[in-house]
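# Examining the three-dimensional arrangement
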2 protein chains.
Amino acid sequence: MASDFDPMAVKAMVFDTFGTVVDWRGSIIAEGETYWKPQRGVDIDWAAFADAWRGKYGPSMNKVRTGELPWTKLDDLHRMALDENLAEFNVISLSEADKQQLNLVWHRLNAWPDAPSGLARLKSRYVIGPLSNGNLSLLTEMAKFAGLPWDCILGCDLFQHYKPDPESYLGAVAILGLEPGQVMMTAAHTGDLEAARKLGLRTAYVHRPLESGPGRERPRPADGDFDVVADDFRDMAAKLGL
Amino acid sequence: MASDFDPMAVKAMVFDTFGTVVDWRGSIIAEGETYWKPQRGVDIDWAAFADAWRGKYGPSMNKVRTGELPWTKLDDLHRMALDENLAEFNVISLSEADKQQLNLVWHRLNAWPDAPSGLARLKSRYVIGPLSNGNLSLLTEMAKFAGLPWDCILGCDLFQHYKPDPESYLGAVAILGLEPGQVMMTAAHTGDLEAARKLGLRTAYVHRPLESGPGRERPRPADGDFDVVADDFRDMAAKLGL
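Predicted model, so just to flag it, every value in this text is computed and none were measured. (Residues numbered from 1 in each chain as written. Chains lettered and ligands numbered in written order. Predicted model: local features only at pLDDT ≥ 70, side-chain atom pairs only at ≥ 80, totals over all residues.)

### Quick look at the overall build of chain A
If you tally the helices and strands in chain A, you get 10 helices and 6 strands. Expected size for 242 residues packed as a compact globule is a radius of gyration near 18 Å; at 18 Å, chain A falls within 12% of this value. Dimensions of chain A along its principal axes, counting C-alpha atoms only, are 55 × 35 × 30 Å. Within the span of chain A, comprising 242 residues, buried residues form 46% of the whole. Put simply, of all contacts in chain A between residues at least 6 apart along the chain, 64% involve residues at least 24 apart. (Helix = DSSP H or I, 4+ residues; strand = E, 2+ residues; numbered from the N terminus. Rg over C-alpha atoms; globule rule 2.2 N^0.38 Å. Buried ≥ 20, exposed ≤ 12 C-beta atoms within 10 Å, placed from the backbone. Contact = placed C-beta atoms within 7 Å.)

Structure, rendered in structure tokens:
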């Protein structure tokens with residue numbers, strides 16, 4: 001851990017979710033291969049479809065962050081991207097009800113195997129909740145689906161600002177009734193952590209080498225790069241003395 | 001149950017908390033008698049103190065609802081009322097740190113005995129969360145303290161409107177991504193339910209005869225007065241087929 005870091009000064013841990021807590025890519029591929037391909041005839045490369053869908057995520061949020069779009073919740077950005085994706089993959093067989101159901105696959109993502117038990121250990125000392133670009137209803141349904149033991153749900157729709165806008169991190173700190181140094185942002189993505197650190201939050205990195213699929217691993221930061229650098233949430237709990 | 005009510009059309013149940021889920025009066029008396037009186041020398045009638053504190057609740061929220069005060073979260077209204085209460089009870093011995101700690105007794109309220117297990121049964125079908133005049137951080141800490149298995153926390157600070165302002169109920173419906181008829185307001189107070197019903201929400205009444213203390217029971221509504229009328233949350237789960 002970083003030498004100036006006191007785990008007992010932290011009161012709440014807030015978590016990025018997509019890639020950090022849940023395996024969005026593996027989950028979309030699995031639902032595609034086990035349901036949409038055999039039962040609904042969507043015979044495409046589901047890994048490529050998941051990657052292309054996720055690839056539209058950052059650009060679509062940037063349209064909101066720059067003001068090109070008014071506030072639009074992530075469910076609706078996902079739907080706009082899904083419609084483009086279906087056209088690009090030449091999928092023309094789905095009904096409107098099918099498309100609505102497929103779009104909600106983002107509510108049905110599986111946790112990384114260490115997440116439910118690791119989060120439960122972190123919850124024994126800290127208030128824990130997602131601080132995700134997902135909307136509150138998406139994150140609430142995801143938690144029920146994946147068995148995530150959150151204390152509260154902080155979706156960016158509460159603040160009407162997507163990360164890394166400062167309003168999202170500072171909005172979470174304010175609604176928790178805390179100071180920035182009492183809140184630890186947790187993510188598998190260094191940019192998310194660096195944005196939080198600039199605002200005075202503490203930072204915890206968790207390594208998720210398989211987020212983007214096999215053969216696409218990102219480098220693991222050095223141990224001192226963030227307040228905590230851990231291999232998974234059980235390792236993070238152990239490093240925090242839990 | 002009301003004859004036009006379909007439990008399967010409901011997706012989320014939202015709950016009043018003070019008096020409905022937790023026993024604010026008994027909890028404040030217990031903390032007063034076991035801590036503040038013997039250890040901090042506050043030798044007063046703690047039942048009378050709790051009643052007087054709670055008695056300032058409605059009037060202080062009304063100052064916000066009418067615009068006399070700007071948006072002020074419940075923790076801060078509780079503190080203003082506490083300072084008045086301490087003067088009225090002639091308590092002059094407490095430090096500022098003591099007062100801050102005492103004010104947070106509203107974060108440390110005990111659940112009615114049926115609440116944790118009854119809510120867990122309701123959670124098996126519905127998204128469950130408080131829709132309380134308490135702020136999100138108060139409700140989050142209360143849930144950890146009392147063992148309440150919420151899926152998400154909806155405090156009125158998210159909407160900056162106290163119940164029974166329509167913005168609070170409709171704000172909850174919107175953030176859940178649902179229609180009013182898919183959300184059931186649950187409370188031990190008929191006024192809360194009637195305000196929600198006017199906006200199209202479903203309603204569930206739970207009887208809490210001891211909320212105001214022995215000898216101060218309110219009448220129990222008739223079975224058809226709300227969509228569900230139950231004696232406690234286990235009875236409510238049974239009436240909903242859970």
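### Quick notes on the relation of the copies chain A and chain B
Overlaying chain A with chain B gives an RMSD of 0.0 Å, the required rotation being 180° about an axis along which the chain moves by 0.0 Å. Taken together, these values place the two copies in the relation of a two-fold axis. The C-alpha atom lying nearest the rotation axis in chain A is that of A:Cys152; the distance is 2.6 Å. Mapped onto chain B, 100% of the interface residues of chain A are again interface residues, and the two copies thus contact each other with one and the same surface. (Least-squares fit on C-alpha atoms with pLDDT ≥ 70 in both.)

### Let's talk about the interface of chain A and chain B
Between chain A and chain B, the contact holds 14 residues from the first and 14 residues from the second. When residues in the side of chain A that touches chain B are grouped by element, the largest group, 5 residues, is from helix H7 (residues 136–146) of chain A. Of the residues assigned to the side of chain A that touches chain B, the class counts are 8 nonpolar, 3 polar and 3 charged. (Nonpolar A, V, L, I, M, F, W, Y, C, P; charged D, E, K, R; others polar.)

### A closer look at the environment of B:Met236
All names here are of chain B. One can find Met236 in helix H10 (residues 233–239). Classification of Met236 by C-beta neighbours within 10 Å gives buried; the count is 23. Along the sequence, Met236 and Tyr205 sit 31 residues apart, while their C-alpha atoms lie 8.8 Å from each other. In contact with Met236, other than residues within four places in its own chain, are Gly118, Leu122, Ala204, Val206, Val228 and Ala230.

### Some words on the packing of helix H4 (residues 74–88) of chain A against helix H5 (residues 96–103) of chain A
Residues and elements named next belong to chain A. Contact pair H4 / H5: the axes reach a minimum separation of 10 Å and the direction vectors enclose 125°. In terms of orientation, H4 and H5 fall into the oblique class. Helix-helix and strand crossings are classified by hand; for H4 and H5 the assignment is right-handed. Here Asp75, His78, Arg79 and Leu82 of H4 lie close against H5, whose contacting residues are Lys99, Leu102 and Asn103. (Axes fitted to C-alpha atoms, helices over the stretch in contact; angles between N-to-C directions. Parallel < 35°, antiparallel > 145°, perpendicular 65-115°, else oblique. Left-handed = near helix turned anticlockwise from the far one by under 90°.)

### Describing the sheet that holds strand S5 (residues 202–206) of chain A
All names here are of chain A. Ordered in space as S3-S2-S1-S4-S5-S6, the 6 strands form an open sheet in which the pairing is parallel. Two strands lie at the open edges of the sheet, namely strand S3 (154–155) and strand S6 (228–230), each paired on one side alone. Bridge count between strand S2 (residues 127–132) and S3: 2 bridges; the pairing is parallel. Looking at the pairing, Ser132 lines up with Gly155 of S3. (Pairing = 2+ DSSP bridges.)

### Focus on the sheet that holds strand S1 (residues 12–15) of chain B
Residue and element names in this part refer to chain B. Reading across the sheet, the 6 strands line up as S3-S2-S1-S4-S5-S6 and stay open at both edges, with parallel pairing between neighbours. Both outer strands of the open sheet, strand S3 (154–155) and strand S6 (228–230), are each paired with one neighbouring strand and no more. Summarising the sheet, S1 and strand S4 (residues 183–187) pair through 4 bridges and their orientation is parallel. Note that in S4 the partner of Val14 across the bridge is Met185. Helix H8 (residues 166–175) rests against S1, strand S2 (127–132), S3 and S4 of the sheet, and its axis sits at about 135° to S4.

### With respect to the packing of helix H2 (residues 46–55) of chain B against helix H4 (residues 74–88) of chain B
All names here are of chain B. Two elements in contact, H2 and H4, have axes whose closest approach is 9 Å; the angle formed by their N-to-C orientations is 140°. When the interaxial angle is binned, H2 and H4 end up oblique. Crossing geometry of H2 relative to H4 is assigned as right-handed. Residues Phe49, Ala52 and Trp53 of H2 form the contact with H4, whose own contacting residues are Ala81, Leu82, Asn85 and Glu88. Of the residues assigned to the contact of H2 with H4, the class counts are 5 nonpolar, 1 polar and 1 charged.

### Section: helix H1 (residues 24–40) of chain A
Residues and elements named next belong to chain A. Taking 1.5 Å per residue as the helical rise, H1 with its 17 residues ought to reach 24 Å, whereas the 21 Å between its terminal C-alpha atoms falls clearly short. Along H1, the helix axis deviates most sharply at Gly32, where the bend reaches about 40°. Within H1 the residues assigned to the buried category are Trp24, Arg25, Ser27, Ile28, Gly32 and Trp36. Buried residues along H1 sit in contact with helix H2 (46–55) and H5. A positive backbone phi angle near 70° is found at Gly41, which sits one or two residues after H1. (Expected span 1.5 Å × (residues − 1). Bend = angle between axes of the 7 residues up to and from the residue.)

### As for unusual backbone geometry
Keep in mind that most residues, glycine aside, have a negative phi and that most peptide bonds are trans. Residue A:Lys163 is joined to A:Pro164 through a cis peptide bond whose omega torsion reads 5°. Along the chain, A:Pro164 turns up in the loop between S3 and helix H8 (166–175). The phi dihedral of B:Asn90 falls on the positive side, at around 60°, and the residue is not glycine. With respect to the element layout, B:Asn90 can be found in the loop between H4 and helix H5 (96–103).

### Observations regarding the nonpolar core
Counting 150 residues, the largest nonpolar core has A:Met13 and B:Met13 as the members making the most contacts within it. Setting aside residues no more than four positions away along its own chain, A:Met13 makes contact with A:Leu122, A:Tyr126, A:Ile128, A:Met184, A:Thr186 and A:Ala204. (Core = buried A, V, L, I, M, F, W, Y, C linked by C-beta atoms within 7 Å.)

### Some remarks on the environment of A:Lys37
All names here are of chain A. Structurally, Lys37 can be placed in helix H1. As for Lys37 and Arg25, which are separated by 12 residues in sequence, their C-alpha atoms are 16 Å apart. In contact with Lys37, not counting residues within four places along its chain, are Gly32, Val42 and Asp43.

### Here we look at the environment of A:Cys152
Within the element layout of this structure, A:Cys152 appears in the loop between H7 and S3. Its 28 C-beta neighbours within 10 Å are what place A:Cys152 among the buried residues. Beyond its immediate chain neighbours, meaning those up to four positions away, A:Cys152 contacts A:Val127, A:Gly129, B:Leu136, B:Thr140, B:Cys152 and B:Ile153.

Functional significance is not addressed by these values, which are geometric in nature.
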